[in-house]
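Analysis of the macromolecular model
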Amino acid sequence: MAKITSIKGRILYNSRGSKTIEVDVTSDRNFLGRVCAPSGASVGKHEAVSFPNGRPEDSLRVLNENSEKLIGLESSDLRQIHDVLKKMDGTQNYSGIGGSLAFAVTIASMESAAKASDQQLFQTLSSESLFKFPFPLGNILGGGAHAGPGTPDIQEVLICPTGSKTIEDAVKTNLAVHKELQKILLKEDPDFTNGDEGGWAPKLKNREALEVSAKACESLGFTLGKEVSLGVDFASSTQWNEEKQKYVYERAGFENTAEEQIDFVADIIDKFKLIYAEDAVHEEAFDDMSELTSKFPNSLVTGDDLTVTNKNILAKAIEKKSCNAAILKVNQAGSLFDALEFADLANRNNIRLITSHRSGESTDSQISHIGLATKSKILKVGVVGGERVAKLNELLRLSEHDLICGMAEI
Ligand code: 2PG
Ligand code: MG
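Residues numbered from 1 in each chain as written. Chains lettered and ligands numbered in written order. Predicted model: local features only at pLDDT ≥ 70, side-chain atom pairs only at ≥ 80, totals over all residues. Heavy atoms only, no water.

Attention now moves to the overall build of the protein chain. Along the backbone of the protein chain there are 13 helices and 18 strands. Whereas a compact globule of 410 residues would reach a radius of gyration of roughly 22 Å, the protein chain reaches 20 Å, a difference of no more than 12%. Per-residue burial over the protein chain gives 60% buried out of 410 residues. Excluding contacts between residues fewer than 6 apart, the proportion of contacts in the protein chain whose partners are at least 24 apart in sequence is 70%. As presented, the protein chain carries roughly 16300 Å² of accessible surface, and 47% of it is formed by carbon and sulfur atoms. (Helix = DSSP H or I, 4+ residues; strand = E, 2+ residues; numbered from the N terminus. Rg over C-alpha atoms; globule rule 2.2 N^0.38 Å. Buried < 20%, exposed > 50% of the residue type's maximum accessible area, 1.4 Å probe, protein only. Contact = heavy atoms within 4.5 Å. Areas by Shrake-Rupley, 256 points an atom, 1.4 Å probe, with all protein chains shown as cover.)

What follows is the structure, given as structure tokens:
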């Protein structure tokens, strides 16, 4: 047990070059937990507010004015730290202190507590005695809110090394597919660029983007659905036009009614044997999600903007059978305490968890531990880019740990 002896915040930059907040929490004058908050580009309506008035400086000011309230608390007492932050905040959505501040303080406290008890963070966050590696899921091709004009409307084409038996092989397999796709794209559109998460961003239509991704897997000798599987984050709220009540695919030049969207998505899941389909319809279409969930029991029909790491919204999704998997992004919830409550509800109801990065990231790697501790089946963290590889490298380091054996069962 160790008590918080100091807290210090500062303004830094994330991988997109936007300002964010980093917080140092020290226990017993010795054990430093340091966490820098990430941020999203495609943000769900009901996510925690990142910063008061959109300004990281306002979160820093709140921290400086109130840090005394956290000094002296046990750094491992996540609930109490959460309660103090909630009281400081005084709102339902963290608009008083900023969800990013709650994110950084709560994770940094637990990291400090882990160091004080000479444990790894994942052990401090869980009472389990054995752990399994989540499958890394990474962006190989980006569009939508993560890439420029001419790229696909679909936000992310993802690779998952479903046949890998070890984390080393899993990381290597994703890297190989990412590289192979580059070779193929050089022939199709030599001027392509990179999306926000290290996926290639070629000027291709949605369908073509999926076809080249499948081609990259096959040209390495992989069979889709065996050694590797494709996934898609449709991020459909980006296309949803409330006034028209239609999905507008501006770049590809077509529109889908709600019904057509279900057929559009179902066709892609079938044709490309997707293991993973995230936000296939917009964030309020719980019934349409139920239809897809019952149609595709063997794919992870996943909520991100739909469930926003909010346990009340997840309860509604469970009741309506709107998904069989859900994204866990701590900063959507606000504090780590909120996120662990969400994880607990998901695990008790057979909703498979995907712990995920944000498109604007830091080089921190605590989410690799959060993925292990929450029994996540998948860790969605990208394939390349320093801020993405940091999370994968942490998994590789952790493979030296004898409490973690084998890969999760998806
Ligand atoms: C998503 C994420 C991460 P963002 O939509 O799942 O891939 O993007 O952080 O921009 O919300
Ligand atoms: Mg998403």
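Now that the structure has been shown, the text picks up again.
This part takes up the site of ligand 1. The environment of ligand 1 is formed by 15 residues, the closest being Ala 41, Ser 42, Glu 156, Glu 197 and Ser 359. In this structure, an oxygen atom belonging to ligand 1 sits 3.1 Å away from a side-chain N or O atom of Asp 233. With respect to ligand 1, the side chain of Lys 329 contributes an N or O atom lying 3.1 Å from an oxygen atom. Considering ligand 1 on its own, with 310 Å² of exposed area, one finds that the protein chains cover 100% of that surface. Of the residues belonging to the shell around ligand 1, the class tally is one nonpolar, six polar and eight charged. (Near = heavy atom within 4 Å. Polar contact = N/O pair within 3.5 Å; in protein donor to acceptor, adjacent residues only side chain to side chain. Nonpolar A, V, L, I, M, F, W, Y, C, P; charged D, E, K, R; others polar.)

This part is about a negative patch on the surface. The grouping of Glu 259, Glu 260, Asp 263 and Glu 291 at the surface amounts to a negative patch. A total of three residues in the negative patch trace back to one element, the largest contributor, which is helix α7 (residues 258–271). Looking at the secondary structure, you find Glu 260 in helix α7. Assessed through its relative accessible area of 39%, Glu 260 is described here as partly exposed. (Patch = residues over 30% accessible without salt bridge, like charges linked within 9 Å, V, L, I, M, F, W, Y side chains within 5 Å. Salt bridge = Lys/Arg side-chain N within 4 Å of Asp/Glu carboxyl O. Lys, Arg positive; Asp, Glu negative; His and termini not counted. Charge placed at Lys NZ, Arg CZ, Asp CG, Glu CD.)

Most of strand β2 (residues 19–27) is tucked away, with eight of its nine residues classed as buried. For strand β1 (residues 4–13) and β2, the ladder comprises nine bridges, and the chain directions are antiparallel. For Ile 7, the partnering residue across the bridge sits in β2 and is Val 25. As consecutive antiparallel partners, β1 and β2 are separated by five residues, and within that stretch Gly 17 has a phi angle of approximately 80 degrees, a positive value. Sheet analysis places β2 next to strand β3 (residues 31–36), joined by six bridges and oriented antiparallel. Across the sheet, Glu 22 pairs through a bridge with Cys 36, a residue of β3. Counting the residues between successive antiparallel strands, the hairpin from β2 to β3 contains three residues, one of them, Asp 28, with a positive phi of roughly 45 degrees. (Pairing = 2+ DSSP bridges.)

This part is about helix α3 (residues 99–116). Between its first and last C-alpha, α3 extends 26 Å over 18 residues, near the 26 Å set by a 1.5 Å rise per residue. Among the 18 residues in α3, 16 count as buried, and that is most of the element. (Expected span 1.5 Å × (residues − 1).)

We now examine the domain arrangement of the protein chain. When cut into domains, the protein chain gives domain 1 (4–118) and domain 2 (131–407). Taking only C-alpha atoms, the centre of domain 1 and the centre of domain 2 are 27 Å apart. Opposite the 28 residues of domain 1 that make contact, domain 2 presents 29 residues. Here domain 1 and domain 2 share an interface that buries about 2500 Å² over both sides, 54% of which is from carbon and sulfur atoms. (Domains from an automatic or database assignment. Buried area = accessible area lost by both parts, 1.4 Å probe.)

If you trace the three strands from one edge of the open sheet to the other, you get β1-β2-β3, paired in antiparallel fashion. The open sheet is flanked by β1 and β3, the only strands paired with a single partner. Strand-to-strand twist of the sheet, defined as the mean angle between neighbouring strand axes without regard to direction, takes the value 15 degrees. Together, β1, β2 and β3 form the strand contacts of α3, whose direction differs from that of β3 by roughly 150 degrees. (Axes fitted to C-alpha atoms, helices over the stretch in contact; angles between N-to-C directions.)

In this structure, Asp 233 (OD), Glu 278 (OE) and Asp 304 (OD) serve as the protein donors to the magnesium ion (ligand 2), at separations of 2.0 to 2.2 Å. In the primary sequence, the donor residues of the magnesium ion (ligand 2) line up as D-x44-E-x25-D. A residue pair is termed long-range when its members are at least 10 positions apart, and Asp 233 in strand β9 (residues 229–233) and Asp 304 in the loop between β14 (300–303) and α9 (311–319) qualify at 71 residues. This pair shows no difference in class: Asp 233 is buried, exactly as Asp 304 is. (Donors = N, O, S within 2.8 Å, 3.2 Å for Na, K, Ca; no water.)

This brings us to the pattern of salt bridges. Applying the stated criterion across every chain, the model contains 27 salt bridges. For Glu 255, the salt bridge goes to Lys 246, with nearest N and O atoms at 4.0 Å. Judged by relative accessible area, Glu 255 falls into the partly exposed class, the value being 33%. Taking the relative accessible area as the measure of exposure, Lys 246 reaches 28% and is therefore partly exposed.

Here we come to the layout of surface pockets. Its boundaries defined by the atoms lining it, the largest pocket holds a volume of some 370 Å³. Listing elements by their share of the lining of the largest pocket, those giving two or more residues are α9, α10 (330–333) and α11 (336–348). Within the lining of the largest pocket, the residues separate by chemical class into six nonpolar, seven polar and five charged. Considered as a void within the structure, the second largest pocket measures approximately 300 Å³ in volume. Residue contributions to the lining of the second largest pocket peak at five residues, all from α11. For the lining of the second largest pocket, a count of residues per class yields four nonpolar, four polar and four charged. (1 Å grid on protein atoms, 1.4 Å probe; cavity = no way out; pocket = protein on both sides within 12 Å on 5 of 7 lines; lining within 4 Å. Points joined across faces, edges and corners; volume = space filled by probe spheres on them.)

Before going further, it helps to examine the pairing of β9. When you tally the buried positions in β9, you get five out of five residues, the bulk of the element. Across the two faces of β9 the burial is the same, with Ser 229, Gly 231 and Asp 233 and Leu 230 and Val 232 all buried.

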